[in-house]
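Observations on the model geometry
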Amino acid sequence: MRCVCRTVDAGESTLNMHHPVHTFATNAELSQELAGRIAADLAAALAQRKRAILAVSGGSTPRPLFEALSLQQLQWSRVIVTQVDERWVEDDHVDSNARLIKQYLLQNRAAAAEFLGMKTPDSSPFTAEAAVSAKLAPCAEGIDVVVLGMGDDGHT
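Attention here is on the structure that accompanies the text. In this text, all values refer to a predicted model and were calculated from it rather than measured experimentally.

Along the chain, the regular secondary structure elements total 4 helices and 6 strands. In the chain, once contacts between residues fewer than 6 apart in sequence are set aside, the share between residues at least 24 apart is 67%. As displayed, the chain has an accessible area near 9200 Å², and 52% of this comes from carbon and sulfur atoms.

Take a look at the structure:
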């Protein structure tokens, strides 16, 4: 398992940065390491502000990470979890990223986190832009940790 991890400070340019590659023997080791790093970054944000914001990808790839992260010791009641992407389906639909996040991340200790999903009752994401923007307004000042994944087909 390979992982490219890089913490970027606010205002720091990412051009021409060296991105170290970390290799893990198993996906479980990778998930544990990343969960610890994410929790540490969120804790650092909470030391400076009232709330911390975590934005995560959907799909099946982050499932083990979500399970490991849900067990991390953190003031989860002060954490907002939101999405970086969503399919325009209901939250209980098999393809819903919100369902995956609720099922695997917002469990255990992380159940105390606040979840801001993207889906609205609108029939289309194109007609929901204002409603989604309003839902995600608490994230406007910045996101502390973003977890992006790459699917088996190469999409990000």
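There is more to say, and it comes next.
Residue Asn108 is not a glycine yet carries a positive backbone phi of 50°. Note on placement: Asn108 falls in the loop between helix 3 (97-104) and strand 5 (114-116).

With 5 of 5 residues buried, strand 3 (residues 52-56) lies mostly within the body of the structure. With burial as the criterion, each face of strand 3 is covered, one bearing Ala52, Leu54 and Val56 and the other bearing Ile53 and Ala55. The pairing of strand 3 with strand 4 (residues 79-83) spans 5 bridges and is classified as parallel. Looking at the pairing, Val56 lines up with Gln83 of strand 4. What joins strand 3 to strand 4 is helix 2 (residues 63-69), and the crossover it makes is right-handed.

For helix 1 (residues 27-48), with 22 residues, the first-to-last C-alpha span of 32 Å sits near the 32 Å given by 1.5 Å per residue. For helix 1, the full list of buried residues reads Leu30, Ser31, Leu34, Ala35, Ile38, Ala39, Leu42, Ala45 and Leu46. Down the axis of helix 1, the buried set is contained in an arc of 155°. They therefore lie on one face. In helix 1, the exposed positions angled more than 90 degrees off the buried face are occupied by Ala47 and Gln48.

On the surface, a cluster of nonpolar side chains totalling about 330 Å² of accessible area is made up of Val84, Ile143, Val146 and Leu148. Within the secondary structure, Val146 is located in strand 6 (residues 145-147). Taking relative accessible area as the criterion, Val146 reaches 45% and is therefore assigned partly exposed.

Quick look at the sheet that holds strand 3 now. Here 4 strands make up an open sheet; going across it, the order is 5-4-3-6 and the pairing parallel. If you trace the sheet from one side to the other, it starts and ends with strand 5 and strand 6, each paired once. On average, adjacent strands in this sheet sit at an angle of 20° to one another, irrespective of strand direction. Across the sheet, helix 1 lies against strand 3, strand 4 and strand 6, angled at about 150° from strand 3, the strand it touches most. Lying on the sheet, helix 3 is in contact with strand 3, strand 4 and strand 5; it crosses strand 4 at an angle near 145°.

Attention shifts here to the environment of Leu136. Note that Leu136 resides in the loop between helix 4 (129-135) and strand 6. As a C-alpha pair, Leu136 and Leu116 span 20 residues in sequence and 6.6 Å in three-dimensional space. Residues within four places of Leu136 in sequence aside, it is in contact with Thr82, Leu116, Gly117 and Met118.

On to the side chain of Lys119. Structurally, the position occupied by Lys119 is in the loop between strand 5 and helix 4. A distance of 3.3 Å separates a polar atom in the side chain of Lys119 from a polar atom in the side chain of Glu90. Lys119 has contacts with Trp88, Val89, Glu90, Asp91 and Lys135, leaving out every residue within four places of it along the chain.

With that settled, consider the environment of Leu116. Mapped onto the fold, Leu116 is located in strand 5. For Leu116, a relative accessible area of 10% translates into the label buried. For the pair Leu116 and Pro138, spaced 22 residues apart in the sequence, the C-alpha separation amounts to 9.0 Å. Residues in contact with Leu116, not counting those within four places in the same chain, are Ile80, Val81, Thr82, Gln83, Lys135, Leu136, Pro138 and Cys139.

The rules behind the values
Residues numbered from 1 in each chain as written. Predicted model: local features only at pLDDT ≥ 70, side-chain atom pairs only at ≥ 80, totals over all residues. Heavy atoms only, no water. Helix = DSSP H or I, 4+ residues; strand = E, 2+ residues; numbered from the N terminus. Contact = heavy atoms within 4.5 Å. Areas by Shrake-Rupley, 256 points an atom, 1.4 Å probe, with all protein chains shown as cover. Buried < 20%, exposed > 50% of the residue type's maximum accessible area, 1.4 Å probe, protein only. Pairing = 2+ DSSP bridges. Right-handed = clockwise from strand over helix to strand, strands pointing away. Expected span 1.5 Å × (residues − 1). Arc of directions from axis to C-beta. Patch = residues over 30% accessible without salt bridge, like charges linked within 9 Å, V, L, I, M, F, W, Y side chains within 5 Å. Salt bridge = Lys/Arg side-chain N within 4 Å of Asp/Glu carboxyl O. Axes fitted to C-alpha atoms, helices over the stretch in contact; angles between N-to-C directions. Polar contact = N/O pair within 3.5 Å; in protein donor to acceptor, adjacent residues only side chain to side chain.

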